[in-house]
Amino acid sequence: MPMSFSFQILGQLTVRSGAVPVELPAGKPQALLAALLLNANRLVPVDRLVAALWDEAPPRSAVANVRTYAVRVRKLLADPETVAGSRLLGQERAYRIAVQPGELDLAEFTELAAQGRAALRAGDASRAVERLIAALACWRDDHAGVGLPRPGGLGQRLAAVDDERLRTVEDLVDARLALQHHEVLIGELRRTVVEHPLRERTWGQLMRALYRAGDVSGALHCFLEARAALRERMGVDPGPELRRLHAAMLARDPALDETAPCQPFAAHPGTPVFAAPPTLPVPAHRPRPEPPRQLPPGPAVLVGREPAVDAVLAAVATGARVVCVSGPPGVGASAFAVHAAHLLADRYPDGQLFVRLGTADPAAAAAHLLHSLGVADETVPRGLAARTARLRTALASRRVLLLVDGVDDVAQVRPLLPAAPGCLAVVAASRPLPTIDGVALVPLDPLSRSDSVALLLGSLGPAEDPVALDEVAAHCEGLPAALRIVVARMLGRPDRSAAACARRLRAPERRLDELRAHDLSIRESLAARCATVSVAAMDALRTLASLPQPVTTHDLAAASTLSPDRAGDALDELVDARLVTADGTGGHRAGDLVRLFAARMAPADV
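It should be emphasised that the depicted structure is a prediction, and the values quoted were computed from it without experimental measurement. (Residues numbered from 1 in each chain as written. Predicted model: local features only at pLDDT ≥ 70, side-chain atom pairs only at ≥ 80, totals over all residues. Heavy atoms only, no water.)

Q: Can you walk me through the sheet that holds strand β6 (residues 94-97) in this structure?
A: Within a beta sheet, neighbouring strands are joined by backbone hydrogen bonds and run either parallel or antiparallel to one another. The 3 strands lie next to each other as β4-β6-β5, forming an open sheet whose pairing is antiparallel. Of all strands in the sheet, those bounded by a partner on one side alone are β4 (44-45) and β5 (88-91). Relative to β6, β5 runs antiparallel, the two being bridged by 4 bridges. Its bridge partner being in β6, Leu88 is matched across the sheet by Ile97. (Pairing = 2+ DSSP bridges. Helix = DSSP H or I, 4+ residues; strand = E, 2+ residues; numbered from the N terminus.)

Below, the structure is given as structure tokens:
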């Protein structure tokens with residue numbers, strides 16, 4: 001029987017022969033041993049070892065060097081009881097390290113973690129905790145291969161092992177959440193998100209722990225911290241899972257109080273990066289992967305939008321390929337577009353895609369859509385035009401619904417629109433986009449007073465004072481975003497009544513401050529819309545805000561430095577951006593919220 005070895009790589013790389021430590025040479029020979037242990041009992045070709053030990057430009061002598069390092073390692077792992085006399089085995093242009101069961105900490109960790117995840121999937125949280133704690137006990141440090149050089153592929157593989165440790169920690173948190181350990185987890189999770197601020201799953205776990213501990217405001221603020229970290233470090237917004245969790249918390253979804261654990265994330269592919277590719281038969285016809293289902297959750301309460309829903313359904317029935325939803329800031333164009341997409345989703349069996357543009361590069365958005373359709377990273381072409389062509393090719397034989405949010409200009413979205421007649425794009429835009437071929441324009445207007453009150457009642461319940469709710473609705477000017485902010489503020493403060501909210505909104509100088517809750521803000525919505533218009537239009541809006549309503553072109557020209565023609569152009573731009581409404585008789589009006597915002601914006605703010 002072969003003599004016993006102990007190989008440890010979950011921390012500093014160490015080897016023992018029986019109870020005796022093996023002194024390992026520093027540098028590349030030690031890195032070679034690590035690369036082989038990461039692929040224990042597998043043949044690793046020399047060219048893959050070269051890629052592991054050097055960066056992009058290995059020396060000409062790299063292959064000869066690998067063979068020299070292998071000779072040194074073979075002597076260190078001498079085992080006279082094996083046929084080869086060493087645990088390091090060589091074949092033509094490949095090497096393999098032979099490891100027996102129980103000798104390698106990485107193998108033990110992987111097996112215990114798999115057992116823990118299986119128990120978690122089966123709903124046995126207690127066994128999952130036991131197995132996952134045992135798995136993490138295999139680690140002697142937070143990182144694998146501490147002190148090793150990390151060139152090329154070796155660094156990538158060690159980073160992947162580190163990531164597996166973090167994933168196992170997250171699985172353990174899920175199991176402990178299922179056992180109602182939320183209060184004791186909060187401190188640990190706070191430390192983890194500081195150390196790993198880009199792990200959205202950990203942010204979500206901290207949000208769940210805070211929510212279940214009764215700290216709803218803390219849980220919602222945690223989402224804002226996660227979003228700020230992701231935007232600052234990666235330039236992206238939180239993914240759909242974290243956004244769905246945030247929306248569920250705002251809606252007080254009863255499912256958040258259930259004790260069933262979250263399903264663990266899908267396992268990473270098990271083939272190590274240095275291993276030779278498996279020689280499996282390739283089927284003659286490969287089935288397409290599971291269609292993407294990327295639509296974000298729709299609004300919990302939707303009132304007063306029946307005519308708009310009818311307009312969308314009629315447009316699709318008559319062959320529209322693009323539906324463009326637009327309206328004033330805060331009118332809920334994004335929420336309605338999501339609702340419409342869910343209504344139509346069953347008609348597009350090949351999947352539903354979602355992308356939010358905002359300030360994002362359309363080329364990056366095209367790459368995201370290609371990835372969602374199963375196109376591998378290495379085959380995504382460079383440049384917007386090439387990606388657009390590839391995207392339309394990928395959609396040509398499919399029936400897919402594409403939801404695009406945050407569109408300010410037709411040039412942003414045109415490259416992403418499918419050309420296939422079986423596809424549909426639903427676009428939420430800051431203004432109508434009439435120059436898109438085959439577009440159906442669905443404008444949204446503010447809700448009526450009665451519909452606004454109905455939305456409040458549907459979210460808060462019938463116990464509130466209807467007179468106070470009517471006043472709140474008036475101050476919110478029929479904007480669903482403003483109404484939902486009021487709902488969020490009242491739910492976050494059970495002691496605050498509708499009458500108290502009405503009193504706080506009554507003062508014009510503080511109304512915009514009141515219409516803000518967590519990541520919702522009417523001031524920010526107005527600022528984002530104003531950023532899409534010209535400086536001349538903003539100057540005109542500031543002047544218009546100070547004049548009695550309605551304001552004609554001549555009124556604006558007389559009160560400003562604009563000529564009548566330039567004043568007319570500025571008003572047309574403001575109407576197009578839905579910051580101002582035209583009454584059809586030459587008059588133009590801005591709502592109170594727009595006027596309050598414009599009056600306080602200095603010219604330097606534009």
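Structure's up, so let's keep going.
Q: How do you make sense of the side chain of Thr168 when you look at a structure like this?
A: Summarising the element assignment, Thr168 is placed in helix α6 (residues 152-178). Ignoring any residue separated from it by four or fewer positions in sequence, one finds Thr168 in contact with Phe109, Ala113, Arg117, Leu132, Ala135 and Leu136. (Contact = heavy atoms within 4.5 Å.)

Q: Just checking my understanding: could you explain the sheet that holds strand β2 (residues 14-17) for this structure?
A: Taken in spatial order, the 3 strands line up as β1-β2-β3 in an open sheet, and their pairing is antiparallel. Both outer strands of the open sheet, β1 (5-8) and β3 (20-21), are each paired with one neighbouring strand and no more.

Q: Help me understand empty space enclosed by the protein, please; the structure alone is not making it clear to me.
A: In this structure the tally under the stated criterion is 4 cavities of 30 Å³ or more. As a volume, the largest cavity reaches approximately 70 Å³. Around the largest cavity sit Leu302, Val303, Arg305, Val331, Gly332, Ala335, Phe336, Leu447, Leu455, Pro480 and Arg484, which together line it. Residues of the lining of the largest cavity, tallied by class, amount to 8 nonpolar, 1 polar and 2 charged. (1 Å grid on protein atoms, 1.4 Å probe; cavity = no way out; pocket = protein on both sides within 12 Å on 5 of 7 lines; lining within 4 Å. Points joined across faces, edges and corners; volume = space filled by probe spheres on them. Nonpolar A, V, L, I, M, F, W, Y, C, P; charged D, E, K, R; others polar.)

Q: Can you help me understand a nonpolar patch on the surface in this one?
A: Where nonpolar side chains cluster on the molecular surface, the patch consists of Leu198, Met234 and Val236 and spans about 260 Å² of accessible area. Relative to the elements of secondary structure, Val236 occurs in the loop between α9 (216-234) and α10 (240-250). Overall, the relative accessible area of 38% leaves Val236 in the partly exposed class. (Patch = residues over 30% accessible without salt bridge, like charges linked within 9 Å, V, L, I, M, F, W, Y side chains within 5 Å. Areas by Shrake-Rupley, 256 points an atom, 1.4 Å probe, with all protein chains shown as cover. Salt bridge = Lys/Arg side-chain N within 4 Å of Asp/Glu carboxyl O. Buried < 20%, exposed > 50% of the residue type's maximum accessible area, 1.4 Å probe, protein only.)

Q: Could you clarify how one ought to interpret the nonpolar core in this entry?
A: Within soluble globular proteins, side chains that are nonpolar generally end up buried alongside one another. Residues Phe336, Leu403 and Leu541 are the most contacted members of the largest nonpolar core, which totals 81 residues. Setting aside anything within four residues of it in sequence, one finds Phe336 in contact with Leu302, Arg305, Ala308, Val309, Val312, Val325, Val442 and Leu444. Judged by nonpolar contacts, the second largest core, of 55 residues, contains Ile9, Ala40, Ile97 and Leu154. (Core = buried A, V, L, I, M, F, W, Y, C linked by side-chain atoms within 4.5 Å.)

Q: When you look at the packing of aromatic side chains in this model, what are you seeing that I'm missing?
A: To describe a pair of aromatic rings, one takes the distance between the centres and the angle between the planes. For the structure on display, the rule yields 3 aromatic pairs. Centre to centre, the rings of Phe5 and Phe7 are 5.7 Å apart; their planes meet at 10°, and the pair counts as stacked. The pair Phe5 / Phe7 is uniform in exposure class, with both members buried. A centroid spacing of 6.5 Å and a plane angle of 25° characterise the contact between Trp54 and Tyr69, whose relative ring orientation is stacked. Of this pair, Trp54 sits in the loop between α2 (46-53) and α3 (62-76) while Tyr69 sits in helix α3, and the two are 15 residues apart along the sequence. One exposure class covers both Trp54 and Tyr69, and it is buried. The cationic tip of Arg165 hangs over the ring face of Trp139; the distance from NZ or CZ to the ring centre is 5.9 Å. (Phe/Tyr/Trp six-rings, centres within 6.5 Å; stacked < 30°, edge-to-face > 60°. Lys NZ or Arg CZ within 6 Å of the ring centre and 35° of its normal.)

Q: It is not clear to me how the environment of Ala599 should be interpreted in this structure. Could you clarify?
A: Mapping Ala599 onto the fold places it in helix α25 (residues 592-599). Linking Ala599 and Leu36, residues 563 residues apart in sequence, is a C-alpha distance of 68 Å.

Q: When you look at the confidence of the model for the protein in this model, what are you seeing that I'm missing?
A: Should the pLDDT be low somewhere, the predicted coordinates at that spot are not to be read in detail. Of all residues in the protein, 92% have pLDDT values of 70 or greater, and the mean over the chain is 85. Ignoring residues within four places in sequence, the model shows residues 259-288, a span with pLDDT below 50, making 54 contacts including any to other chains. (pLDDT = per-residue confidence, 0-100.)

Q: Looking at this structure, how should I read α2?
A: Each full turn of the α-helix corresponds to 3.6 residues, which orients residues three or four apart in the same direction. All of the buried residues along α2 are Val46, Leu49, Val50, Ala52 and Leu53. Buried residues along α2 cover an arc of 160° about the axis, so they all sit on one side. (Arc of directions from axis to C-beta.)

Q: What's the story with unusual backbone geometry in this structure? I'm lost.
A: Leaving glycine out, the prevailing phi sign among residues is negative, and the prevailing peptide bond configuration is trans. In this model, Gln549 is joined to Pro550 through a cis peptide bond whose omega is -5°. Mapping Pro550 onto the fold places it in the loop between α22 (535-545) and α23 (553-559). You will see that Arg252, though not glycine, has its phi angle at about 55°, which is positive. On the secondary structure map, Arg252 appears in the loop between α10 and α11 (306-317). Arg252 gets classed as partly exposed once you look at its relative accessible area, which sits at 36%. At Arg578, a residue that is not glycine, the phi angle is positive and equals roughly 60°. Tracing the sequence through the fold places Arg578 in the loop between α24 (564-576) and β14 (581-582).

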